[in-house]
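Understanding the architecture of this molecule
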Amino acid sequence: MGRATPTLISTLAAGALALTAATGGAATADPGPPPVGHDLPKVPVMRGAGGAVASVDPIVSQIGIDVLERGGNAADAAVAMAAAVGVVEPYSSGIGGGGFFVHYDADTGKVETIDGRETAPASFHDKVFVGADGTAMDFDTVVNSGLSVGVPGTPATWEMAAERYGTMSLNKLLKPAEETARKGFVVDQTFHDATADNAERFAMFPDTAKIYLPGGEPIKVGAVLRNPDLAKAYRQLRTHGSAAMQRGAMGEAVVDTARNPRTAPGVTVPSGQMTRSDMRAYEAKVKAPTHSEHRGLDIYGMAAPSSGGIAVGEILNLLESYEERTGKRTQDLSEGEWAHWFAEASATAFADRNRWVGDVPDVPTQELLSQDFADERSCLFGEDSTMTRPVPFGQPDGSYDDCQASTETTAVGSEDQHTTSLTAVDKDGNTVTYTLTIEQYGGSGMVVPGYGFLLNNELTDFNFTPVTDGVPDPNLPGPGKRPRSSMAPTIVLEDGTPWMTAGSPGGATIITTVAQLVGGVVDHDLAIGDALAAPRVSSRNGSATELEPALADGDVGDYLRSLGHATKKVDRIGNATGIRVHGLDDLEAAAEPTRASGGSAMVVDEDR
Ligand code: GLU
């Protein structure tokens, strides 16, 4: 056994960074302090002891490992890592956004969650995204505007996680991220490409263009991206906690930006409605997790306003029901058969999620997660045929005998792929999986002047108009309401102790990615790294069953089409992280090997 990698925090603290840019030319030409290093290895699977982490970026994972090595626990590591993601992956998450934090406490054996979702202003109502002509406003117009910006929940989440579960102060935990923002990091191809993809909308907002489009062009590969304004924002959070956001000048700047977006000459965008009192009223909420069982394991996830825990649990329950109905076991299925089963289960779960889940008081969580409900819903399943899309939603009414499905249907709203997922297990078994976002890649496109972070466009996760005429829609906008999410940070326990974690970005595909990852490990006995790398299928009750290329172009695609699936090839689905806990002295951390240029898994003491 030996330490995985050098310690980033200690080098930062000593002010003598050994970890400098791999792209030597740009880094040496740069006059500022040496940037934080991209010479850290990107290892997708690492196994060992002493604690483990996984994230999208090795700088982030190293910061998590450093926290664990200094005696911090999993919650400490997760907060420090999340803060670092906000610096090196600022388009996917940050203090201008929100997220969901799932925590297992090794002392009490209890799983608890923090709902740090953004909220709508108190002035919102169900027609706020309806134009003068009575139809839904143009989606992209709302994305790039103040109207899509929800009150950020991430600073309050970090503070609550550190105080409730952690052992270190927020001040300490945000220090490495602050220093990374100040010293900078070296821009890689992925970051450059993401900037180029967003260049047009970033150019609409001068405070954003100043950071990411220097000289009017997307920041170049090899350039050092320093963000002193963001370092200032982190410094204020370190000093004043979430009050810096909710009651301080930083929060006032957020409100001003949402209400009066600063745009380039000739550009106008809709204004937002957020007020200072909305900002002051924000609360991260401690919530009970969702719970379901799968093959003797306990699956804990995120409850409403996320649909993640409910939908992942229902998919896994449906797979068990299909086994009952067919007399076959998932592990004996061919790859094509399994893809069909999974697609049918996920389409069914999405029908139910769309009808029943949102930030409303009466979400029938227990019923939707009951095996009896899944058994009833499985009556629509055919081994040799495809259910017509959209699949009708079910009735989670506690009475499950016949094949009852509503004749009403719900269409599927548009959602895209963004966000970030990270996870940590410490030496004592405390466990976190945390998914956070600013919604679209680059959020609303608006950087808060003087504070260097992007504001979310989370309120576009509301349905602008009811998805089906005459059917109640739990996800319409409302005062102080939180838009429905698909984020699905998941902790799996066996006999009360951690067995695995899973999480992913990817909009609504988060649900199918996480269910597939858990199913791959539990049902197919795959190593977590193999389950995470496996090509993915995603059916979300729209007309097409999406397949990654390895499936779409091969026998699986042919088989699905022969059953009637309308397949659609997509470049990639998800970018997951997870940890398989074989024992506290045997942790297997896994991150993405190839998608989106890969992620980073690390352990404190690697098996050699
Ligand atoms: N806003 C999305 C959700 O909460 C996450 C953003 C994304 O991954 O597209 O489900």
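All values derive from a computational prediction rather than experimental measurement.

We now examine the overall build of the protein chain. Scanning the protein chain from terminus to terminus reveals 22 helices and 21 strands. For the protein chain, the C-alpha radius of gyration of 23 Å lies close to 25 Å, the compact-globule estimate for 608 residues. When its C-alpha atoms are laid out on the principal axes, the protein chain stretches across 70 × 65 × 45 Å. Expressed as a percentage of its 608 residues, the buried residues of the protein chain come to 63%. Excluding contacts between residues fewer than 6 apart, the proportion of contacts in the protein chain whose partners are at least 24 apart in sequence is 72%. Taken as a whole, the protein chain presents about 20300 Å² of accessible surface, with 47% of it coming from carbon and sulfur.

For the ligand, the set of nearby residues contains 13 residues, the closest of which are Thr-419, Glu-439, Glu-458, Asp-461 and Gly-507. Here a nitrogen atom of the ligand sits 2.5 Å away from a polar atom, N or O, in the side chain of Asp-461. Between the ligand and the protein, one listed contact pairs an oxygen atom with a backbone N or O atom of Gly-506 at 3.4 Å. Out of a free accessible area of 300 Å², the ligand has 100% covered by protein chains. A per-class count over the shell around the ligand returns one nonpolar, seven polar and five charged.

Taking 1.5 Å of rise per residue, the 14 residues of helix α19 (residues 509-522) would be expected to cover 20 Å, and the 20 Å separating its terminal C-alpha atoms lies within 8% of that figure. Of all 14 residues in α19, 14 are buried; the element is thus mostly enclosed.

In the numbering adopted here, UniProt assigns the feature "active site" (unreviewed entry) to Thr-419. Its location among the elements puts Thr-419 in the loop between β11 (405-409) and β12 (420-426). Not counting residues up to four positions away in its chain, the partners in contact with Thr-419 are Ser-92, Thr-435, Leu-436, Thr-437, Glu-439, Met-487 and Pro-505. Engagement of the side chain of Thr-419 in a polar contact is seen with the side chain of Thr-437, the distance being 2.8 Å.

Next up on the list: the packing of helix α4 (residues 74-88) against helix α6 (residues 154-164). At a minimum axis distance of 9 Å, the contact between α4 and α6 shows a crossing angle of 160°. Here α4 is positioned roughly antiparallel relative to α6, judged by the angle of their axes. As for the relative orientation of α4 and α6, their crossing is left-handed in sense. Touching Ala-75, Val-79, Ala-82 and Ala-83 of α4 are Trp-158, Ala-161 and Ala-162, all from α6. Of the residues that constitute the contact of α4 with α6, the class distribution is seven nonpolar, no polar and no charged.

Glancing now at the pairing of strand β4 (residues 110-116). Most of β4 is tucked away, with six of its seven residues classed as buried. Pairing of strand β3 (residues 98-105) with β4, which is carried by seven bridges, proceeds in the antiparallel orientation. Bridge pairing links Phe-100 to Asp-115 in β4. Hairpin connection, β3 to β4: the antiparallel pair is bridged by four residues, and Gly-109 has positive phi, about 75°. Pairing between β4 and strand β7 (residues 285-287): three bridges, direction antiparallel. Each bridged residue has a counterpart across the sheet, and for Ile-114 the counterpart in β7 is Val-286.

One way to see where empty space is left: roll a probe the size of a water molecule over the atoms. Space inside the largest pocket adds up to approximately 830 Å³. Taken together, 36 residues form the lining of the largest pocket, with Thr-190, Ala-194, Tyr-441, Arg-572 and Ala-596 sitting closest to its centre. Where the lining of the largest pocket is concerned, the elements lending two or more residues are β5 (185-186) and α9 (189-202). Per-element accounting of the lining of the largest pocket gives the leading share, seven residues, to α9.

In this section: the packing of aromatic side chains. Aromatic ring pairs are reported here in terms of the distance separating the ring centres and the angle at which the planes meet. Under the defined criterion, the tally for this structure stands at 19 aromatic pairs. Aromatic pair Phe-129 and Phe-464: ring centres 4.4 Å apart, planes at 25°, arrangement stacked. Here Phe-464 lies in the loop between β13 (431-437) and β14 (490-494) and Phe-129 lies in the loop between β4 and α5 (139-143), a separation of 335 residues in the sequence. With respect to burial, Phe-129 and Phe-464 carry one shared label: buried. Between Phe-185 and Phe-191, the ring centres sit 5.6 Å apart and the planes meet at 80°, which makes this aromatic pair edge-to-face. The ring of Tyr-451 has Lys-232 sitting right over it, with the charged end atom 4.4 Å from the ring centre.

Further remarks concern the nonpolar core. With 84 residues, the main nonpolar core has Ile-95, Phe-101, Trp-158, Tyr-212, Tyr-234, Met-250 and Phe-453 as its most contacted residues. For this core, the element with the most residues is α4, which contributes 13 residues. Contacts of Phe-453, omitting those with residues within four sequence positions, involve Ile-95, Gly-96, Leu-230, Ala-233, Met-245, Met-250, Val-254, Met-446, Val-447 and Val-448. One finds Val-102, Ala-347, Val-357 and Ala-576 within the second-largest nonpolar core, a separate group that totals 69 residues.

The subject of this paragraph is the pairing of strand β15 (residues 497-503). Burial within β15 is extensive, with six of its seven residues counted as buried. In the sheet, β14 pairs with β15 via five bridges, with the strands oriented antiparallel. Residue pairing in the sheet places Glu-494 in a bridge with Thr-497 of β15. Between β14 and β15, which pair antiparallel one after the other, the connecting turn spans two residues, and Asp-495 there sits at a positive phi close to 50°. Here β15 pairs with strand β19 (residues 577-583) via four bridges, running antiparallel. Bridging across to β19, Met-500 finds its partner in Arg-580.

Conventions adopted
- Residues numbered from 1 in each chain as written.
- Predicted model: local features only at pLDDT ≥ 70, side-chain atom pairs only at ≥ 80, totals over all residues.
- Heavy atoms only, no water.
- Helix = DSSP H or I, 4+ residues; strand = E, 2+ residues; numbered from the N terminus.
- Rg over C-alpha atoms; globule rule 2.2 N^0.38 Å.
- Buried < 20%, exposed > 50% of the residue type's maximum accessible area, 1.4 Å probe, protein only.
- Contact = heavy atoms within 4.5 Å.
- Areas by Shrake-Rupley, 256 points an atom, 1.4 Å probe, with all protein chains shown as cover.
- Near = heavy atom within 4 Å.
- Polar contact = N/O pair within 3.5 Å; in protein donor to acceptor, adjacent residues only side chain to side chain.
- Nonpolar A, V, L, I, M, F, W, Y, C, P; charged D, E, K, R; others polar.
- Expected span 1.5 Å × (residues − 1).
- UniProt positions renumbered as here; feature names shortened; annotations may be inferred.
- Axes fitted to C-alpha atoms, helices over the stretch in contact; angles between N-to-C directions.
- Parallel < 35°, antiparallel > 145°, perpendicular 65-115°, else oblique.
- Left-handed = near helix turned anticlockwise from the far one by under 90°.
- Pairing = 2+ DSSP bridges.
- 1 Å grid on protein atoms, 1.4 Å probe; cavity = no way out; pocket = protein on both sides within 12 Å on 5 of 7 lines; lining within 4 Å.
- Points joined across faces, edges and corners; volume = space filled by probe spheres on them.
- Phe/Tyr/Trp six-rings, centres within 6.5 Å; stacked < 30°, edge-to-face > 60°.
- Lys NZ or Arg CZ within 6 Å of the ring centre and 35° of its normal.
- Core = buried A, V, L, I, M, F, W, Y, C linked by side-chain atoms within 4.5 Å.

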